[in-house]
Amino acid sequence: TDHRSLIDQALVLHHANQLDEALKLYQRVLDSAPDNTETLTLVASLYLQQNKLDISKNIFDKALALDDKNVLTLHNYALLLERLNRNDDAIAYLDAALKIHPKYEDAYKHKANVLKKIGKLDLAIETYQLAEKQLACSADFYFRFSNHLRDAERHQEALEAIDK
């Protein structure tokens, strides 16, 4: 559809950190399709990136009210919750995303980072181990996993993880 093309163009600008230009294209989509969950999520994420947390939260709330099973919305909302230091809530939203899409590598990595941040390093490592069983993991995944193992002074396992 015409929306897809605009969203794709906006994403290119968004990833290039041309946020004002991306926002203009996202807004064109929302002008004709105000309930487009994908676009609402992307706009909320853009505002999160700009540290406009109240605006971001309001838009995420609308997106979640429209579709509380959208994995990207759940994951990115967890990013906002973490930024607001609502770490337990962030973990709950990441778990919800993983329940829907158990092979979502970024959600596992994010969950492990939040767990580590709140002092639950053992649970963070367990999260990586669970993900490893579920996924064909990226090099970035094993790099992050090895860092968590090293932080737990599990050096041999950290070396083995980095070699994968």
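Our subject in this report is the structure included herewith. This structure is a prediction, so every number in the text was calculated from the model and none was measured.

Rules used in this analysis
Residues numbered from 1 in each chain as written. Predicted model: local features only at pLDDT ≥ 70, side-chain atom pairs only at ≥ 80, totals over all residues. Heavy atoms only, no water. Axes fitted to C-alpha atoms, helices over the stretch in contact; angles between N-to-C directions. Helix = DSSP H or I, 4+ residues; strand = E, 2+ residues; numbered from the N terminus. Parallel < 35°, antiparallel > 145°, perpendicular 65-115°, else oblique. Left-handed = near helix turned anticlockwise from the far one by under 90°. Contact = heavy atoms within 4.5 Å. Nonpolar A, V, L, I, M, F, W, Y, C, P; charged D, E, K, R; others polar. 1 Å grid on protein atoms, 1.4 Å probe; cavity = no way out; pocket = protein on both sides within 12 Å on 5 of 7 lines; lining within 4 Å. Points joined across faces, edges and corners; volume = space filled by probe spheres on them. Salt bridge = Lys/Arg side-chain N within 4 Å of Asp/Glu carboxyl O. Buried < 20%, exposed > 50% of the residue type's maximum accessible area, 1.4 Å probe, protein only. Phe/Tyr/Trp six-rings, centres within 6.5 Å; stacked < 30°, edge-to-face > 60°.

Notes on the packing of helix α1 (residues 2-15) against helix α3 (residues 37-49)
And step 1. Axis separation between α1 and α3 bottoms out at 11 Å; the angle between their running directions is 15°. When the axes of α1 and α3 are compared, the pair comes out roughly parallel. Between α1 and α3 lies a crossing whose hand is left-handed. Touching Arg4, Ile7, Leu11 and His14 of α1 are Glu38, Thr39, Leu42, Leu46 and Gln49, all from α3.
And step 2. When grouped by side-chain class, the residues that make up the contact of α1 with α3 number four nonpolar, three polar and two charged.

Points about the layout of surface pockets
And step 1. Of the voids in this model, the largest pocket is the one considered here, and its volume is about 230 Å³.
And step 2. Lining the largest pocket are Leu11, His14, His15, Leu42, Ser45, Leu48, Gln49, Leu72, Asn76, Leu79 and Arg83.
And step 3. Residue assignment for the lining of the largest pocket shows that the elements contributing at least two residues are α1, α3 and α5 (71-83).
And step 4. Class assignment for the residues of the lining of the largest pocket results in five nonpolar, five polar and one charged.

Notes on the pattern of salt bridges
And step 1. All told, the structure shown has 14 salt bridges when counted by the stated rule.
And step 2. Across the salt bridge formed by Lys109 and Asp140, the nearest N and O atoms sit 2.6 Å from each other. Pair noted here: Lys109 is in helix α7 (residues 105-117) and Asp140 is in helix α9 (residues 139-151), with a separation of 31 residues, a long-range link.
And step 3. Note that Arg154 and Glu157 form a salt bridge whose closest N and O atoms lie 2.7 Å from each other.
And step 4. For Arg154, a relative accessible area of 25% gives the class partly exposed.

Some details on the packing of α1 against helix α2 (residues 19-32)
And step 1. Across the interface, α1 lies against α2 with an axial gap of 8 Å and an inter-helix angle of 160°. One way to sum up the angle between α1 and α2 is to call them roughly antiparallel. As for the relative orientation of α1 and α2, their crossing is left-handed in sense. Residues His3, Leu6, Ile7, Gln9, Ala10, Leu11, Leu13 and His14 of α1 form the contact with α2, whose own contacting residues are Leu19, Glu21, Ala22, Leu25, Tyr26, Arg28, Val29 and Ser32.

Concerning the packing of aromatic side chains
And step 1. Tallied over the full model, the rule gives six aromatic pairs.
And step 2. Taken together, a centroid distance of 5.2 Å and an interplanar angle of 15° make the contact between Tyr128 and Phe145 stacked. With Tyr128 in helix α8 (residues 121-134) and Phe145 in helix α9, this pair connects stretches of sequence that are 17 residues apart. By the burial criterion, Tyr128 is buried, and Phe145 matches it.
And step 3. By the ring-pair criterion, three or more aromatic residues cluster together here, those being Tyr128, Phe141, Tyr142 and Phe145.

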